[in-house]
Amino acid sequence: MGKTIAEKIFDAHLVDKPYEGVYVLSLDMVFCHEITTPVAIMDLVNRGLDRVFDPTKIKAVIDHVTPAKDSKTATQHKILREWARRHNIKDFFDVGRNGVCHALFPEQGFVRPGYTIIMGDSHTCTHGAFGAFAAGVGTTDLEVGILKGVCAFKYPKTIKFVLKGKLPEGVYAKDVILYIISQISVNGATDHVMEFTGPIVDAMSMESRMTLSNMAIEAGGTSGICYPDMTTVEYLWKFIQNDYPSKEAALKDFQKWVSDPDAHYEKVLEYDLSDLEPMVTYGYKPDLVKPVREMEGTPIDQVYIGSCTNGRLEDLRIAAQILKGKKIAPTVRGILSPATPEIYFQAMEEGILKIFYEAGFSITNPTCGACLGMSNGVLAEGEVCAATTNRNFYGRMGKGGTVHLMSPATAAASAIAGKITNSPLYRGK
Ligand SMILES: CC(C)[C@H](C(=O)O)[C@@H](O)C(=O)O
Ligand code: SF4
């Protein structure tokens, strides 16, 4: 019988099978940020185990609250910074060079097809967009990963999502993943790998695939995996051009990491998305999703464009197309957090930041910030935010605040209208 991509990655990284169904895998990358890694570092230090398995396979960034907003966050930064220095972790992205981990690390070329990656962050599933097995882990697994470069996983069960048809204009990866989560629920993929395939995924950019994979965890998925193809090769080419004689050769190699046609799946779910509409969440769980059309007119106080879900250049370009020459409603605060410095500078070069600024947006440095209600745009009690992020839990962006998740196009259009509305780029059925 054939194998799924996740099974192939597991087989290729197997170090030990201590119990039935449990695989200890070697890790290609351990990613770190300043919220969860300092806890692991301090524990390792206290246990006399202050070592790292391989400093070239550890990448670290300060991204959640940056620059530090108080003594507590400054201390978290300090612990991570000093650890990176003492272990010679060269790829440490400090204040001024930092961006949101799940946007920054792929942009730096640290994610490759067939890789195993862990991080103490639930949206690590994002990196599956490259055909990698990437999973968020807790402190203990992170410590073992840092020390020994291995991690134990259950053998992966996979649900295959076949996305057929062609997305209508003005409908994006974010609408697709919100729709999928609404269909399968927040537990629909618990303990499963979500494999995204079909013509809709084939047609997506790497940025859109990252948006898709990013929200796998919101359906309980361990990882959200897309097959590597020429789009993956093109994205990575500047990092791999010395390793392969041609793009075709790279593609041939990457396609080791594609599922076999006769692989076993727990479930295969097919969706024809040719008529999909822009989607938005209501309530406080990411599976509570409706077409924007049914939520038109919902009042908002703030619009947030950013995060590891939708803070990439593609997202900023789409929003800028809608905001160009317009002003956001006077009752709304607009906040843009480009996800990385590279995105920030490219957006500046292209005149995108000027468009946002002239429309009335406040532009922050690259950071998670408002996404998890820690800085740079926290909501007040009772306020409502239209956001391109991935979580709409009650109080997520500030105590007593409500979040509606949507695409950057819907967020930009809603900023202008001062209430939830469909974007002019979507022309209906
Ligand atoms: C801070 C971190 C542990 C957390 C996560 O794991 O997801 C954060 O990134 C989030 O999105 O809430
Ligand atoms: S942008 Fe938001 S969801 Fe993504 S890692 Fe940061 S806090 Fe978590």
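Residues numbered from 1 in each chain as written. Chains lettered and ligands numbered in written order. Predicted model: local features only at pLDDT ≥ 70, side-chain atom pairs only at ≥ 80, totals over all residues. Heavy atoms only, no water.

### A look at the packing of aromatic side chains
Scanning the entire structure with this criterion turns up 17 aromatic pairs. Plain terms: the ring middles of F105 and F110 are 6.0 Å apart, the flat faces sit at 40 degrees to each other, and that makes the pair tilted. Arranged with centres 4.9 Å apart and planes meeting at 85 degrees, the rings of F356 and F361 form a pair that is edge-to-face. Grouping aromatic residues by their ring pairs yields a cluster made of F10, Y23, F133, F153 and Y155. Geometry around Y282 places K290 over its ring, the cationic atom sitting 4.6 Å from the centre. (Phe/Tyr/Trp six-rings, centres within 6.5 Å; stacked < 30°, edge-to-face > 60°. Lys NZ or Arg CZ within 6 Å of the ring centre and 35° of its normal.)

### Some points on the site of ligand 1
Looking at ligand 1, the residues that line it are I35, T36, H64, D121, S122, H123, R391 and R396. The separation between an oxygen atom of ligand 1 and a polar side-chain atom of D121 is 2.7 Å. Take S122: an N or O atom from its side chain is 2.5 Å from an oxygen atom of ligand 1. Here ligand 1 loses 79% of its free accessible area of 320 Å² to cover by the protein chains. For the shell around ligand 1, the class distribution of residues is one nonpolar, four polar and three charged. (Near = heavy atom within 4 Å. Polar contact = N/O pair within 3.5 Å; in protein donor to acceptor, adjacent residues only side chain to side chain. Areas by Shrake-Rupley, 256 points an atom, 1.4 Å probe, with all protein chains shown as cover. Nonpolar A, V, L, I, M, F, W, Y, C, P; charged D, E, K, R; others polar.)

### Side note on the pattern of salt bridges
Tallying each qualifying case throughout the model produces 20 salt bridges. Residue D94 is joined to R81 by a salt bridge in which the shortest nitrogen-to-oxygen separation is 2.6 Å. Highlighted residues: D94 in the loop between β5 (92–93) and α4 (101–107) and R81 in helix α3 (residues 71–86), separated in sequence by 13 residues. Exposure remark for D94: the relative accessible area of 17% places this residue in the buried category. Taking relative accessible area as the criterion, R81 reaches 19% and is therefore assigned buried. We note a salt bridge from R317 to E350, for which the minimum N-O separation is 2.7 Å. With R317 in helix α12 (residues 313–323) and E350 in the loop between α13 (341–349) and α14 (352–359), this residue pair connects regions lying 33 residues apart in the sequence. Assessed through its relative accessible area of 39%, R317 is described here as partly exposed. (Salt bridge = Lys/Arg side-chain N within 4 Å of Asp/Glu carboxyl O. Helix = DSSP H or I, 4+ residues; strand = E, 2+ residues; numbered from the N terminus. Buried < 20%, exposed > 50% of the residue type's maximum accessible area, 1.4 Å probe, protein only.)

### Describing the pairing of strand β3 (residues 29–33)
In terms of residue burial, β3 counts as a mostly covered element, since five of its five residues are buried. What you see with β3 is no split at all: M29, F31 and H33 on one side and V30 and C32 on the other are buried throughout. Taken together, the three bridges between β3 and strand β6 (residues 116–119) define a ladder with parallel strand orientation. By the bridge assignment for β6, F31 is matched with M119. Between the parallel pair β3 and strand β4 (residues 58–61), the chain is carried across by helix α2 (residues 37–46), and the sense of this crossover is right-handed. (Pairing = 2+ DSSP bridges. Right-handed = clockwise from strand over helix to strand, strands pointing away.)

### Remarks on unusual backbone geometry
Looking along the chain, the bond that leaves T66 and enters P67 is cis, with omega of -15 degrees. Within the chain, D191 stands out as a residue other than glycine whose phi angle is a positive 65 degrees. The residue N376 is not glycine, and still its phi comes out positive at about 55 degrees.

### Some points on the sheet that holds strand β10 (residues 192–197)
Ordered by their spatial adjacency, four strands build an open sheet running β11-β10-β9-β12, and the pairing between neighbours is parallel. A single partner strand is all that each edge strand has here, and the edge strands are β11 (223–226) and β12 (267–272). Here the average twist between neighbouring strands, direction ignored, is 20 degrees. Sheet contacts for helix α1 (residues 5–13): β9 (157–164), β10 and β11; angle to β11, the most-contacted strand, approximately 105 degrees. (Axes fitted to C-alpha atoms, helices over the stretch in contact; angles between N-to-C directions. Contact = heavy atoms within 4.5 Å.)

### Here we look at the site of ligand 2
Near ligand 2 you find H64, V100, H102, D121, H123, S307, C308, C368, C371, L372, N390 and R396, and these make up its full shell. Taken together, the residues of the shell around ligand 2 sort by class into five nonpolar, five polar and two charged. Composition of the shell around ligand 2 by domain shows at least three residues from each of domain 1 (5–154) and domain 3 (283–417). (Domains from an automatic or database assignment.)

### As for the domain arrangement of the protein chain
With domains assigned, the protein chain is organised as domain 1 (5–154), domain 2 (157–258 + 265–272) and domain 3 (283–417). Centre-to-centre separation of domain 1 and domain 2, based on C-alpha positions: 22 Å. Each side of the interface is counted separately: domain 1 has 27 residues, and domain 2 has 29 residues. Interface area for domain 1 against domain 2, summed over the two sides, is near 2,200 Å², with a carbon-plus-sulfur share of 67%. (Buried area = accessible area lost by both parts, 1.4 Å probe.)

### Examining the UniProt feature "binding site: [4Fe-4S] cluster" (unreviewed entry) in the protein chain
Per the UniProt record, "binding site: [4Fe-4S] cluster" (unreviewed entry) is found at C308, C368 and C371. The greatest C-alpha distance among the residues just named is 9.1 Å, despite their covering 64 residues of sequence, which places them together in space. One can find C308 in helix α11 (residues 307–310). Setting aside anything within four residues of it in sequence, one finds C308 in contact with V100, H102, H123, N214 and N390. Relative to the helices and strands, C371 resides in the loop between β17 (361–363) and β18 (384–387). Those residues in contact with C371 that sit more than four places away from it in its chain are Y304, S307, T389, R396 and M397. (UniProt positions renumbered as here; feature names shortened; annotations may be inferred.)

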